[in-house]
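# Inside the fold
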Amino acid sequence: MGNTKFNFSGQVAIITGASVGIGKGLSEAFAEAGAHSYLLDIDDEKGGEAAEAIRAKGGRADYIHCDITSSPSVKEAFDRILAEDGRIDVLVNNAGGFSMQLATVDTPEDEWDQVITRNLKGVYLCSKAAIPTFKSQKSGRIINFGSVAGLATQVPSSPPYAAAKAGVHAMTRVLSFELARDGITVNAIAPGTTATERVVKLRSPEQMKKIGENSPVGRIGEVEDMIGCTLFLASDEASYLTGQTVSINGGRLAV
Ligand SMILES: NC(=O)c1ccc[n+]([C@@H]2O[C@H](COP(=O)([O-])OP(=O)(O)OC[C@H]3O[C@@H](n4cnc5c(N)ncnc54)[C@H](OP(=O)(O)O)[C@@H]3O)[C@@H](O)[C@H]2O)c1
């Protein structure tokens, strides 16, 4: 982390898809800034290890198994958090992704349904679970992870992924409109290619190098690049900023 200090002491931050990658980095950063981070994911082993690593450094963190595509699983996780802490301050809808990149004509129907559900329905279910608490507190922050793929098409992408992420950006606007008078802000981050473990495994070193070189800033995004903006959007200072998508892409969309 840089030198800017955010203070989330006494606050509760829920991060979905937090066992690895961007979500793991965000969980560490919120805990480092004083929040109680709840790491929600389906990868219990890595999630448990990530929460343990935060606690080992003196932070507050707990891992909870939560499948964001299942309403009973989401309900169980949010009920537990409310029973333990009695409040929620920040919800980062980060879980998402895709595993097949096929043309629309070749995309199997079950892949379409699965990717749309993971990337879009999960945002709906987790937001729905947090909103009553945010409304009763008259405060709350929702930060949705969309993607450059949901904003522009410059390289081949997974059709259901791009469609779902465009939906995440639309949901961000709709939710911000619905919740603005309740002291709740809703914003989105649209990362460009970011060197998480999954992406590094998926792409060859040559592809990674080329993606970096093609970016105006000359390098690929890192998890660290996503953190400062997310913390800012979650902070008190961002109370007049809502319904926006910030694309963190090294200038790629400005080309
Ligand atoms: N990295 C990039 O280049 C990039 C670019 C643009 C946008 N994004 C977006 O940024 C977010 C984070 O990306 P990332 O690369 O850090 O992701 P990641 O490394 O793939 O991690 C996502 C985590 O979410 C978990 N997950 C998957 N389905 C879930 C479900 N139904 N319920 C709960 N957890 C679930 C995954 O578990 P399993 O591994 O077991 O599936 C994994 O632990 C995603 O929304 C992604 O679409 C990433």
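Our structure's up above, just so we're on the same page.
Values in this document were obtained by computation on a predicted structure and should not be read as measured data.

Glycine aside, negative phi is the norm for most residues, and most peptide bonds take the trans geometry. Unusually for a residue other than glycine, K138 sits at a positive phi of about 60°. Mapped onto the fold, K138 is located in the loop between α4 (109-137) and β5 (140-145).

This part is about the site of the ligand. If you check the shell around the ligand, you find 28 residues, and the closest are I22, N94, Y161, T194 and R198. Note that an oxygen atom of the ligand is positioned 2.6 Å from one of the side-chain N or O atoms of R198. When the free accessible area of the ligand is taken as 900 Å², the share hidden by the protein chains comes to 86%. Broken down by secondary-structure element, the contributors of at least two residues to the shell around the ligand are α1 (21-32), α5 (159-179) and α6 (197-202). When grouped by side-chain class, the residues that make up the shell around the ligand number 10 nonpolar, 13 polar and five charged.

Right, let's talk about the packing of aromatic side chains for a bit. According to the stated counting rule, one finds three aromatic pairs in the structure shown. Taking 4.5 Å as the distance between ring centres and 50° as the angle between the ring planes, the aromatic pair formed by F98 and Y161 counts as tilted. Taken together, the positions of F98 in the loop between β4 (90-93) and α4 and Y161 in helix α5 put the pair 63 residues apart, joining distant regions of the chain. The pair F98 / Y161 is uniform in exposure class, with both members buried. Members of the aromatic cluster, joined through ring pairs, are F6, F8 and F30.

Time to look at empty space enclosed by the protein. On inspection of all chains with the given rule, the structure shows one cavity of 30 Å³ or more. If you add up the space inside the largest cavity, you get close to 40 Å³. Lining the largest cavity are T16, I68, N93, N94, A95, R118, N119, G122, V123 and C126. With five residues, the top contributor of residues to the lining of the largest cavity is α4. Here the residues of the lining of the largest cavity are counted per class, giving four nonpolar, five polar and one charged.

The next point concerns the side chain of S27. Positionally, S27 belongs in helix α1. By relative accessible area, which is 0% here, S27 ends up buried. Excluding residues within four positions of it along the chain, S27 makes contact with I15, A18, S37, L39 and I54.

Attention now goes to the pairing of strand β6 (residues 184-191). Side-chain direction in a regular strand flips from residue to residue, so the side chains alternate between the two faces of the sheet. Most of β6 is tucked away: eight of the eight residues are buried. Side chains I184, V186, A188 and A190 project from β6 onto one buried face, and the interleaved T185, N187, I189 and P191 project onto a second face that is buried too. Two strands pair when backbone bridges link them, and β5 and β6 are joined in this way by six bridges, in the parallel orientation. Counted as the bridge partner of R141 is T185 from β6. In this view, the connection linking β5 to its parallel neighbour β6 by way of α5 has right-handed handedness. Pairing geometry for β6 and strand β7 (residues 245-248), over four bridges, is parallel. Across the sheet, residue A188 finds its bridge partner in β7, namely T245.

Criteria and thresholds
Residues numbered from 1 in each chain as written. Predicted model: local features only at pLDDT ≥ 70, side-chain atom pairs only at ≥ 80, totals over all residues. Heavy atoms only, no water. Helix = DSSP H or I, 4+ residues; strand = E, 2+ residues; numbered from the N terminus. Near = heavy atom within 4 Å. Polar contact = N/O pair within 3.5 Å; in protein donor to acceptor, adjacent residues only side chain to side chain. Areas by Shrake-Rupley, 256 points an atom, 1.4 Å probe, with all protein chains shown as cover. Nonpolar A, V, L, I, M, F, W, Y, C, P; charged D, E, K, R; others polar. Phe/Tyr/Trp six-rings, centres within 6.5 Å; stacked < 30°, edge-to-face > 60°. Buried < 20%, exposed > 50% of the residue type's maximum accessible area, 1.4 Å probe, protein only. 1 Å grid on protein atoms, 1.4 Å probe; cavity = no way out; pocket = protein on both sides within 12 Å on 5 of 7 lines; lining within 4 Å. Points joined across faces, edges and corners; volume = space filled by probe spheres on them. Contact = heavy atoms within 4.5 Å. Pairing = 2+ DSSP bridges. Right-handed = clockwise from strand over helix to strand, strands pointing away.

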